[in-house]
Amino acid sequence: MAYLLQPLPQLSTLFDSRRSYKKTTIPRAVAVSSTSTNGQHFLRQVSGLCETGNLHESFLVVEEFDREEKSSSGAFLILREALGLLLQASGRRKDIQLGRKIHQLVSKSSQLSNNDVLCTRVITMYSMCGFPDDSRSAFDALPKKNLFQWNAVISSYSRNELYHNVLEMFIKMITESGLLPDNFTFPCVVKACAGVSEVRLGLAVHGLVVKTRLVEDVFVSNALVSFYGTHGFVSDAVKIFAMMSERNLVSWNSMIRVFSDNGFSEESFLLLGEMMEEGNDDGEFLPDVATLATVLPVCAREREIGVGKGVHGLAVKLSLEKELVVNNALTDMYSKCGCINDAQVIFNLNNNKNVVSWNTMIGGFSAVGDTHGTFDLLRQMLAGRGDVRADEVTILNVVPVCFDESVLPSLKELHCYSLKQEFVHNELVANAFVASYAKCGSLSYAHRVFCRIRSKTVNSWNALIGGSDPRFSLDAYYQMKNSGLLPDVFTLCSLLSACSQLKSLRLGKEVHGFIIRNRLERDSFVHTALLSLYIHCGELSTAHVLFAAMEDKTLVSWNTMVNGYLQNGFPERALSLLRQMVLHGVQPCEISMMSVFGACSLIPSLRLGREAHGYALKRLLKDNAFIACSMIDMYAKNGSVTQSFKVFNGLKERSGASWNAMIMGYGIHGRGKEAIQLFEEMQRTGHSPDELTFLGVLTACNHSGLIHEGMRYLDQMKHSFGMNPNLKHYACVIDMLGRAGKLDKALKIATEEMSEEPDVGIWNSLLSSCRIHQNLEMGEKIAAKLFILEPERTENYVLLSNLYAGSRKWDEVRQVRQRMKEMSLRKDAGCSWIELNGKVFSFVAGESSSDVKSHWSVLEREIWKMGYRPDTSSVQHELSEEEKIEQLRGHSEKLAITYGLIRTSEGTTLRVYKNLRICVDCHNAAKLISKAMEREIVVRDNKRFHHFKNGFCSCGDYW
C-alpha cells in the first residue's frame with residue numbers, strides 16, 4: 001500500500017506544526033420553534049414512523065411536506081431535521097434503497113447539499129448499510145470537508161473492516177486537510193493498525209496520540225489496549241489499562257479479551273472479579289453481553305466447568321442468559337466441558353436460534369463422537385420452519401463423525417446436500433469429505449471428490465493421504481510429490497503413521513531422512529510420529545534414543561514411549577518411565593493412567609494397581625470411562641474380580657465398554673453365571689451388546705463349561721444382532737466344545753461354518769482337546785495342518801508330543817522331540833512368580849532353594865494325610881514313577897506357593913502367576929493346601945484364573 005511507504009517521522013512533524021490550529025465546529029441542527037405547532041407535529045410524525053420501521057411512509061410524508069412548504073424559510077429547518085432523522089433510521093435498518101432516495105433529495109437542493117450535518121449523515125448512512133464506496137463518493141463530492149466528515153468516511157471504512165482504506169484516508173487527512181485528528185479519529189485508526197498487523201504504524205499512531213494529549217481519552221485508550229493485545233504485547237496493554245484515569249465497561253471488556261486471546265485464562269477470571277468489585281457501589285461495571293461472551297469461551301477452552309457455572313449463574317442474575325450470543329456461548333461451554341446434556345438443555349431453551357446456535361450444538365455432539373445425535377440434530381435444523389439454513393461450518397462440524405463404514409450412507413447423504421448447496425466449492429468442505437470417505441474405507445469416493453477440487457493445495461493432498469488405508473496413503477504421497485508440492489508436517493505424520501501400520505521400517509527411515517534434511521525433527525508432532533514408527537517396527541532402542549534426544553518432551557511423547565514398552569511386552573520398563581515422567585514434573589493424564597493400569601495387568605502387580613487407583617481417585621479421574629474400564633480390567637487380571645465389580649458398581653454412568661470389561665473379567669475367572677446375568681442386565685438397561693460383549697460371554701461359557709448357553713449366544717450373535725463372529729469368537733466356541741469332548745462338532749465348525757480360514761490358535765486349541773480326550777487320529781491330522789501353517793512354532797510339536805505321551809507311544813514321542821532338536825526348538829520352561837511387599841519373585845520348574853524344598857516336604861506330608869496322591873499323568877516323559885513324582889515336586893507353581901506361605905502371615909491371600917496352563921497334579925495340591933493352611937490361593941495360568949479356597953477351586957475342576 002502506497003500510504004504505508006511514507007516515512008513515519010513526517011507524521012510527527014505535521015502534528016508539531018499544527019498544534020495551534022483551531023478545530024472546525026459544526027453548528028447543531030436548529031430546533032423547531034415551539035410556536036410552530038405544525039412543524040412540531042410533523043417532526044413527531046416522522047420520528048414515530050421511523051421508530052416503528054415505516055420508513056417509506058415516513059419518506060412520503062417528508063416529500064409531501066417539501067412540496068407544500070418549499071417557500072417557507074422555517075420549513076427548511078424542519079425539512080433538514082426530518083431528513084436527518086430519516087438518514088439515521090435508514091442506516092439503522094440498513095435500507096439502502098431509501099437511503100439513496102434521501103441522498104437524491106438532498107443533492108437536488110443547494111441549501112440541503114451544503115448543510116454539513118446532512119452531508120455527514122449521508123456518509124454515515126452508507127457506512128451503516130455496508131456501502132463504504134458510496135460513503136467515499138458522497139465524501140469526495142463535498143466542495144469543503146470538515147473534521148466530522150473525515151471522521152465519518154474513516155469510520156465507514158473501519159466499520160466495514162477495510163483497514164487499508166482507513167489508513168490511506170488517515171494519511172490523506174493529516175497531509176492534505178490541515179485538520180488534527182481527534183478522539184473519534186484515533187480509535188478507528190488504531191483499530192485499523194491492529195486489523196492489518198501494522199505494528200510500526202500503530203506505534204507511530206500511539207506517539208501521535210500522546211503528542212495530541214488524547215492518551216487519557218477513554219475511547220482512544222480502549223483502542224490502544226485492543227491494539228497491543230491483538231499483537232500479543234500483553235504487558236503494554238496492561239500498562240495502558242493501568243494508566244487510564246477513566247474507565248468504562250468497554251475498557252474492562254477490552255482488557256479481559258486481551259487476556260483471553262493471549263491464553264491468560266486465570267487473569268481473565270481475576271479481572272472479571274476485580275471489575276465487579278469496582279462496580280459494586282454504583283453498578284456501573286456490571287458484566288454485559290460482551291463480557292460474558294468473552295469469559296465463557298475461556299471456561300470452554302480450559303474445561304473450567306466450575307467457573308463456567310458461576311458465569312452462567314451471573315448471566316441468570318443479570319437476565320442475560322436469553323441473549324442469543326450468551327446462550328450460544330453457554331451451549332459451547334457446557335459442550336466443551338463434557339456436559340453435553342446441560343448444553344442441550346441450554347440449547348432447547350433458546351427460542352431464537354441462529355445458525356451459530358445450531359452449529360454449536362451439532363459441534364458438541366460431533367466432538368464426543370455421537371453420530372446419531374449429530375445427524376439427528378442436523379435433520380431437525382434442516383426441517384425447521386425458520387430462516388436458519390445450514391452453512392459450510394455446519395457441514396464441517398458434521399463430517400468428522402463419519403469415520404467408519406457404518407456411517408457411509410449418512411456421509412453420502414450429507415455430500416449430496418452439500419453439492420446442491422454448492423458448499424463443496426469451499427476447499428475446507430471438499431477436503432473434509434475426502435478425509436471422511438477415506439476413513440470410511442470408500443477410497444474410490446475419496447479420490448472422486450479429490451479429483452474435482454480445482455486448485456489442489458497441500459491440505460487437499462493431506463486429506464487424501466490421511467485416510468485409513470496405509471498403501472493408498474503412500475500412493476497418494478508419491479502423486480503429490482510428482483505434482484511439485486512439498487509435504488508439510490501433517491503429511492509427514494500421516495506418512496509415518498502409514499509406515500507404522502505397514503511395519504515398513506525401510507520406508508519409515510526414508511521419511512526420517514527427509515525430515516532430518518529439512519530440519520523438521522524438532523517439531524513435537526513429527527518427533528512423536530517417529531517414536532511411534534520405531535515402536536511399531538519393534539525398534540525400541542532407536543525409539544529410546546530419539547526420545548532421550550527430545551529437548552522438550554511433551555505429555556504425548558511420554559505416553560507414546562510408555563505405551564511402546566507395553567505393546568512390546570516390557571511392562572516393568574513402562575512403569576519405570578512413568579516414574580521418570582512424574583519426577584520431571586509432568587502430571588499423568590487419563591492416557592498415562594490407562595498405561596499404568598495396563599502395566600499392572602501385565603506384570604501383574606495388585607499393589608501398584610491399588611496405588612494407581614488411589615492416585616486416580618485423588619485426581620478425580622475415577623469417573624472417566626476409559627480409566628474405569630482400565631481399573632476393572634486391572635483388578636480382574638490381578639485376580640481380584642470382586643474389586644473389579646466394586647469399581648463397576650460405583651460408576652455413575654456405565655458405558656458399553658465398562659459392561660464389556662466386567663463381563664470379560666467374570667469370563668476369565670470362569671464365573672459364567674455372573675457373566676450371563678450381567679449380559680442380560682446390560683440389555684435391560686438399554687445398552688446394545690457388541691462383538692467384545694459376546695467375546696466376554698463366550699469366554700465365560702467356555703471356562704465354566706456352559707456348552708448349551710455358549711452355543712445359544714453364538715446363534716444370538718449371528719441371527720438376533722446380525723453380527724459376523726470373528727476368529728476370537730469361534731476360538732472360544734471351538735475350545736469350549738473340544739474340552740467338553742465334542743470334537744467332531746468343534747471340527748465341523750472350524751472347517752464348514754466359519755466364514756474365514758481358522759488360524760493357528762484354533763487348530764492349537766483343537767489339538768489340545770485331542771490330547772485331553774486321547775483322539776489320536778484327529779490329533780495327528782490337525783498337527784500335520786499346524787506344521788504346514790507354522791512349521792517353526794514350538795507349541796505345535798509339544799502338543800503332539802504330549803498327545804503321544806498320553807497314549808504311551810514313546811517311540812513317536814522320541815521322534816517328535818528329535819525333530820525339535822534338529823530344528824533347534826526348545827519348550828518354554830514352566831515359570832511362576834509371586835508379588836510380596838511390592839517385589840516380584842520368580843520360580844522356574846526344577847530350580848528351588850533348600851529352604852523351599854524342606855518346607856514343601858512338610859507341606860506334602862500334611863496334604864498326604866488329607867488324601868493327596870501325585871498324579872503322574874501330568875508328566876509327559878518316559879520316566880519311573882519315583883522320577884515322575886520328583887519332577888512334580890519341582891513344578892514352578894508349587895515352589896511359588898510354598899515360598900509365599902513362608903514369607904507371609906496367616907490368612908494372607910497368595911496370588912501366583914504362571915506362564916503355562918496349570919497341571920492336574922498342581923491343581924489337586926493347591927486345593928488341599930488352601931484347606932490345610934486356611935488360605936485363599938489365586939493362580940492365574942495362561943488361560944484363566946483359579947481361586948482355591950477350603951479345598952475347592954472356582955473352576956469346579958473344569959479347565
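Quick notes on the rules
- Residues numbered from 1 in each chain as written.
- Predicted model: local features only at pLDDT ≥ 70, side-chain atom pairs only at ≥ 80, totals over all residues.
- Heavy atoms only, no water.
- Helix = DSSP H or I, 4+ residues; strand = E, 2+ residues; numbered from the N terminus.
- Rg over C-alpha atoms; globule rule 2.2 N^0.38 Å.
- Buried < 20%, exposed > 50% of the residue type's maximum accessible area, 1.4 Å probe, protein only.
- Contact = heavy atoms within 4.5 Å.
- Areas by Shrake-Rupley, 256 points an atom, 1.4 Å probe, with all protein chains shown as cover.
- Lys, Arg positive; Asp, Glu negative; His and termini not counted.
- Charge placed at Lys NZ, Arg CZ, Asp CG, Glu CD.
- UniProt positions renumbered as here; feature names shortened; annotations may be inferred.
- Expected span 1.5 Å × (residues − 1).
- Polar contact = N/O pair within 3.5 Å; in protein donor to acceptor, adjacent residues only side chain to side chain.
- Axes fitted to C-alpha atoms, helices over the stretch in contact; angles between N-to-C directions.
- Parallel < 35°, antiparallel > 145°, perpendicular 65-115°, else oblique.
- Left-handed = near helix turned anticlockwise from the far one by under 90°.
- Nonpolar A, V, L, I, M, F, W, Y, C, P; charged D, E, K, R; others polar.
- Pairing = 2+ DSSP bridges.
- Arc of directions from axis to C-beta.
- pLDDT = per-residue confidence, 0-100.
- Phe/Tyr/Trp six-rings, centres within 6.5 Å; stacked < 30°, edge-to-face > 60°.
- Lys NZ or Arg CZ within 6 Å of the ring centre and 35° of its normal.
- Core = buried A, V, L, I, M, F, W, Y, C linked by side-chain atoms within 4.5 Å.
- Right-handed = clockwise from strand over helix to strand, strands pointing away.

### So, the overall build of the chain
Phase 1 of the analysis: The helix and strand tally for the chain stands at 52 helices and six strands.
Phase 2 of the analysis: Here the C-alpha atoms of the chain give a radius of gyration of 40 Å, more than 25% beyond the 30 Å that 2.2 N^0.38 yields for 959 residues.
Phase 3 of the analysis: On the principal axes, the C-alpha backbone points of the chain span a range of 135 × 55 × 55 Å.
Phase 4 of the analysis: By the burial criterion, 49% of the 959 residues in the chain qualify as buried.
Phase 5 of the analysis: Considering only residue pairs separated by 6 or more positions, the chain has 62% of its internal contacts joining residues 24 or more positions apart.
Phase 6 of the analysis: As displayed, the chain offers around 47,100 Å² of accessible surface, 50% of which is attributable to carbon and sulfur atoms.
Phase 7 of the analysis: One way to put it: in the chain the 106 positive side-chain charges average out to a point 2 Å from where the 105 negative ones average out.

### Looking at the UniProt feature "repeat: PPR" (unreviewed entry) in the chain
Phase 1 of the analysis: Within this numbering scheme, the UniProt entry marks residues 146-181, 248-282, 554-588 and 655-689 as carrying the feature "repeat: PPR" (unreviewed entry).
Phase 2 of the analysis: Annotated as residues 146-181, this span is 78% helix and 0% strand, and its ends, taken at the C-alpha atoms, are 11 Å apart.

### Observations regarding helix 17 (residues 289-302)
Phase 1 of the analysis: In a regular helix each residue adds 1.5 Å, so 14 residues correspond to 20 Å; helix 17 covers 20 Å between its end C-alpha atoms and thus fits that length.
Phase 2 of the analysis: Taken residue by residue, helix 17 has T291, L292, A293, T294, V295, L296, V298, C299 and A300 as its buried positions.
Phase 3 of the analysis: Residues of helix 17 that are buried in the fold lie against helix 15 (249-261), helix 16 (265-278), helix 18 (305-317) and helix 19 (324-336).
Phase 4 of the analysis: Of the residues flanking the start of helix 17, the one acting as N-cap is D288, its side-chain oxygen 3.2 Å from the backbone nitrogen of A290.
Phase 5 of the analysis: With its phi angle positive at about 55°, R303 sits one or two positions after the end of helix 17.

### Describing unusual backbone geometry
Phase 1 of the analysis: Despite not being glycine, K94 has its phi angle at roughly 55°, a positive value.
Phase 2 of the analysis: Looking at the element boundaries, K94 is found in the loop between helix 4 (73-93) and helix 5 (96-108).
Phase 3 of the analysis: Overall, the relative accessible area of 55% leaves K94 in the exposed class.
Phase 4 of the analysis: Positive phi, close to 60°, is recorded for E161, a residue that is not glycine.

### Quick look at the UniProt feature "domain: DYW" (unreviewed entry) in the chain
Phase 1 of the analysis: UniProt's entry tags residues 867-959 with the feature "domain: DYW" (unreviewed entry), counted in the numbering of this structure.
Phase 2 of the analysis: Helix makes up 37% of residues 867-959 and strand 17%, whereas the separation of the span's terminal C-alpha atoms amounts to 22 Å.

### Observations concerning the packing of helix 51 (residues 892-903) against helix 52 (residues 920-932)
Between two packed helices, the angle of one axis relative to the other and the distance separating the axes together describe the packing.
Phase 1 of the analysis: At a minimum axis distance of 10 Å, the contact between helix 51 and helix 52 shows a crossing angle of 20°. One way to sum up the angle between helix 51 and helix 52 is to call them roughly parallel. Like other packed secondary-structure pairs, helix 51 and helix 52 cross with a definite hand, here left-handed. Here E893, K894, I897 and L901 of helix 51 come into contact with helix 52, specifically with D921, C922, A925, A926 and I929.
Phase 2 of the analysis: The residue inventory of the contact of helix 51 with helix 52, partitioned by class, reads six nonpolar, no polar and three charged.

### Focus on the sheet that holds strand 5 (residues 945-949)
Phase 1 of the analysis: With mixed pairing, six strands are arranged side by side in an open sheet as 2-1-3-4-5-6. What marks the edges here is a single partner per strand, and that holds for strand 2 (839-844) and strand 6 (952-953).
Phase 2 of the analysis: With two bridges connecting them, strand 5 and strand 6 associate as antiparallel partners. Directly across from K949, in strand 6, lies its bridge partner F952.
Phase 3 of the analysis: Each of strand 1 (831-836), strand 2, strand 3 (910-914) and strand 4 (937-940) is contacted by helix 51, which is oriented at about 20° to strand 1, the strand it contacts most.

### Remarks on the packing of helix 25 (residues 427-439) against helix 26 (residues 443-451)
Phase 1 of the analysis: At a minimum axis separation of 7 Å, helix 25 and helix 26 run at an interaxial angle of 165°. The orientation of helix 25 with respect to helix 26, classified from their angle, is roughly antiparallel. Remark: the crossing between helix 25 and helix 26 carries left-handed chirality. On the side of helix 25, the interface is formed by A430, F433, V434, Y437 and A438, while helix 26 contributes L443, Y445, A446, V449 and F450.
Phase 2 of the analysis: Residue composition of the contact of helix 25 with helix 26, grouped by class: ten nonpolar, no polar and no charged.

### A look at helix 14 (residues 234-243)
Phase 1 of the analysis: Of all the positions in helix 14, only V234, A237, I240 and F241 are classed as buried. Taken around the axis of helix 14, the buried residues stretch over an arc of 125°, which confines them to a single face. Exposed positions of helix 14 whose direction lies more than 90 degrees from the buried face are K239, A242 and M243.
Phase 2 of the analysis: Of the surrounding secondary structure, the elements contacted by the buried residues of helix 14 are helix 12 (199-211), helix 13 (218-230), helix 15 and helix 16.

### Considering the confidence of the model for the chain
Phase 1 of the analysis: Taken over all residues, the pLDDT of the chain has a mean of 90, while the share at 70 or more is 95%.
Phase 2 of the analysis: The low-confidence segment residues 1-35, where pLDDT is below 50, has 60 contacts with residues more than four positions distant or belonging to other chains.

### Comments concerning the pairing of strand 1
When a strand is regular, its side chains alternate between the sheet's two faces.
Phase 1 of the analysis: Counting buried positions along strand 1 yields six of six residues, so the element is predominantly enclosed.
Phase 2 of the analysis: Burial along strand 1 is two-sided: C831, W833 and E835 and S832, I834 and L836, pointing in opposite directions, are all buried.
Phase 3 of the analysis: Bridge analysis of strand 1 against strand 2 gives six bridges, and the strand direction is antiparallel. Bridging across to strand 2, S832 finds its partner in F843.

### Focus: the packing of aromatic side chains
Phase 1 of the analysis: Counting across every chain of the model gives 26 aromatic pairs.
Phase 2 of the analysis: Measuring from centroid to centroid gives 4.4 Å for F787 and Y797, while their planes differ by 20°, and the two rings are stacked. Of this pair, F787 sits in helix 46 (residues 776-789) while Y797 sits in helix 47 (residues 794-806), and the two are ten residues apart along the sequence. Neither F787 nor Y797 differs from the other in exposure class; each is buried.
Phase 3 of the analysis: Ring geometry for F843 and Y899: centres 5.3 Å apart, planes at 55°, overall tilted. With F843 in strand 2 and Y899 in helix 51, the pair connects residues that are 56 residues apart, well separated along the chain.
Phase 4 of the analysis: Judged by relative accessible area, which is 10%, F843 ranks as buried.
Phase 5 of the analysis: Look at Y899 and you get buried, because its relative accessible area is 17%.
Phase 6 of the analysis: An aromatic cluster of at least three residues, connected via ring pairs, comprises F645, F648, W659 and Y666.
Phase 7 of the analysis: Directly above the aromatic system of W659 lies the positively charged group of R654, at a separation of 5.5 Å from the ring centroid.
Phase 8 of the analysis: The ring of Y713 carries R712 above its face, with NZ or CZ at 4.8 Å from the centroid.

### Considerations on the side chain of N764
Phase 1 of the analysis: Here N764 lies in helix 45 (residues 760-772).
Phase 2 of the analysis: Residue N764 is classed as buried on the basis of its relative accessible area, which comes to 5%.
Phase 3 of the analysis: There is a polar contact of 3.4 Å between the side chain of N764 and the side chain of N796.
Phase 4 of the analysis: Apart from the residues lying within four places of it in its own chain, the contact partners of N764 are L786, R793, E795, N796 and L799.

### Section: the nonpolar core
The tendency in soluble globular proteins is for nonpolar side chains to be buried side by side.
Phase 1 of the analysis: F42, L83, F433, M561 and I734 are the most contacted members of the largest nonpolar core, which totals 262 residues.
Phase 2 of the analysis: Take this core: its biggest share by element is nine residues, from helix 4.
Phase 3 of the analysis: Within the second largest apolar cluster, 28 residues are counted, among which are V852, V912, F948 and W959.

### Points about the environment of F259
Phase 1 of the analysis: Residue position: F259 is located in helix 15.
Phase 2 of the analysis: When the C-alpha positions of F259 and G91 are compared, they lie 34 Å apart, and in sequence the two are 168 residues distant.

### Comments concerning the environment of V325
Phase 1 of the analysis: Note that V325 resides in helix 19.
Phase 2 of the analysis: Taking the relative accessible area as the measure of exposure, V325 reaches 46% and is therefore partly exposed.
Phase 3 of the analysis: Separated by 452 residues in sequence, V325 and E777 place their C-alpha atoms 78 Å apart.

### Comments concerning the pairing of strand 3
Phase 1 of the analysis: Burial analysis of strand 3 places five of its five residues in the buried class, which makes it a mostly covered element.
Phase 2 of the analysis: Both faces of strand 3 are covered, namely the face carrying L910, V912 and K914 and the face carrying R911 and Y913.
Phase 3 of the analysis: Sheet topology note: the strand 1/strand 3 ladder contains three bridges and is antiparallel. Looking at the pairing, I834 lines up with V912 of strand 3.
Phase 4 of the analysis: Pairing between strand 3 and strand 4: four bridges, direction parallel. When the sheet's bridge partners are listed, R911 is paired in strand 4 with V938.
Phase 5 of the analysis: You can see the chain leave strand 3, run along helix 52 and come back into strand 4, and the turn it takes is right-handed.

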